[in-house]
Amino acid sequence: MHESVLDAIGATPLIRLRRVTEGLAPRVYVKAEWQNAGGSVKDRAALAMVRAAERSGALGPGGVIVEGTSGNTGIGLALVGGVLGYRTIIVVPDTTAAEKVAALRAYGAEVVLTPGGLTREDPRHVTNLAARIADGTPGGWLADQYGNPANPQAHRDTTAPEIWEQTGGAVTCFVAAIGTGGTLSGTGAALKERGPVRVVGVDPLTSAYGGGDGSPYYVEAIGHYRHPDTVDDPWPANWDRAVADEVVRVDDRTTMATARRLAREEGLLLGGSSATAVAGALRVAADLGPDDVVVVVAPDSGRAYLSKYHDDGWLRRLGFLEEPGSVGELDVAD
Ligand code: PMP
């Protein structure tokens, strides 16, 4: 029994994969982060960032939470802000799916739309506009998930000890996709302090984090797309490259195929970043033995992406249902 919805953030189960792991020696478990109160792993960071800001005095009565994000961090902040009585302003690119904007508003956030596809230097870029709004709003506090140390700290304090205890210290490999890097760096660092755990980041093939050229990819919420005209492209402070032993790169086609298999064979309807991470974990698991225990983070549910990764029409239109090399139905207009 929870006395507050905030207590329903964290303490998510580990669920073993059974069919997609056939032929692999290690046990592979997903950390079911979609079961957090707001529906994603980012609830942990949102709560921790708000609590840290309260402790430091940066956020207090009458304060206003501000962040630039198109995704789950905004939901987490809106949820926490609503419960704790803070106004919450979320800046999102106007390319964001209507359902996501509606969800933010439903949680009581004020949504400010800004054009998508801007360079990092553009003053209207979500990050820059959110900073200006925080500066110009009395009581304004910018959450800054890419630089705020409370984001990885949330995972040091909660995600890592949960995984260690749930596996009885048997975990030997930790796998997560990289957005801000908070999940991977925070959990990975704290697990390594407890035992010899291999830490593996997973990145979309063309994302700049894993060595790609930063060109666009279809999986949302992870990796780093680099606008071709962007000059200054700072590495997020929360993505500590020293923690990861390696970064595995996964192409969109593999992500989409994995998302489908997870839903159909494991009964796990998950988002694209989960599918990317699981695909990376399966690749790593192929080189591991029967005593290994792999834990891979599944950040959110597939419900938010039913019209994308889990929709045959969408997959077919983009060629993801065809065999590699096939041009089959790509030209069919609809
Ligand atoms: N998956 C999803 C669905 C997310 O929303 C995020 C956060 N952008 C991530 C993965 C990456 O998490 P982190 O920011 O901790 O690296």
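Rules used in this analysis
- Residues numbered from 1 in each chain as written.
- Predicted model: local features only at pLDDT ≥ 70, side-chain atom pairs only at ≥ 80, totals over all residues.
- UniProt positions renumbered as here; feature names shortened; annotations may be inferred.
- Helix = DSSP H or I, 4+ residues; strand = E, 2+ residues; numbered from the N terminus.
- Buried ≥ 20, exposed ≤ 12 C-beta atoms within 10 Å, placed from the backbone.
- Right-handed = clockwise from strand over helix to strand, strands pointing away.
- Pairing = 2+ DSSP bridges.
- Near = placed C-beta within 6 Å.
- Nonpolar A, V, L, I, M, F, W, Y, C, P; charged D, E, K, R; others polar.
- Axes fitted to C-alpha atoms, helices over the stretch in contact; angles between N-to-C directions.
- Contact = placed C-beta atoms within 7 Å.

You'll find the protein chain entered in an unreviewed UniProt entry as Cystathionine beta-synthase, with Actinomycetospora straminea given as the organism.

Quick rundown of the UniProt feature "domain: Tryptophan synthase beta chain-like PALP" (unreviewed entry) in the protein chain? Include the residues and the values.
Cross-referencing UniProt, the feature "domain: Tryptophan synthase beta chain-like PALP" (unreviewed entry) maps to residues 6-300 in the present numbering. Annotated as 36% helix and 18% strand, the span residues 6-300 places its first and last C-alpha atoms 17 Å apart.

So, the pairing of strand S8 (residues 198-204): which residues are in play, and what are the values?
Extensive coverage of S8 is indicated by the burial of five of its seven residues. Handedness of the crossover is the feature at issue here: the chain leaves strand S7 (residues 173-177), passes through helix H6 (residues 182-194), returns alongside S8, and the resulting connection is right-handed. As defined by bridge partners, S8 adjoins strand S9 (residues 246-250) across five bridges and the pair is classed as parallel. For glycine 201, the partnering residue across the bridge sits in S9 and is valine 247.

An account of the site of the ligand is needed here, citing residue identities and associated values.
Lining the immediate environment of the ligand, one finds 19 residues, of which Gly179, Thr180, Thr183, Ser273 and Pro299 sit closest. The residue inventory of the shell around the ligand, partitioned by class, reads seven nonpolar, 10 polar and two charged.

Can you lay out the environment of glycine 319 for me, pointing to particular residues and giving the numbers?
Position of glycine 319 among the secondary structure elements: in the segment after helix H9 (312-317). Look at glycine 319 and you get partly exposed, because 17 C-beta atoms sit within 10 Å. On a C-alpha basis, the gap between glycine 319 and serine 4 in space is 45 Å, while along the polypeptide they are 315 residues apart.

Give a description of the sheet that holds strand S6 (residues 140-142) that names residues and reports values.
Pairing in this open sheet of four strands is parallel, and the strands run S5-S4-S3-S6 from one edge to the other. For this open sheet the edge positions go to strand S5 (110-114) and S6, each flanked by a neighbour on one side alone. On average, each strand axis in the sheet is inclined to that of its neighbour by 25°, with strand direction left out of account. Taken strand by strand, helix H2 (residues 72-84) contacts strand S3 (64-68) and strand S4 (87-93), and its axis lies near 165° from that of S4.

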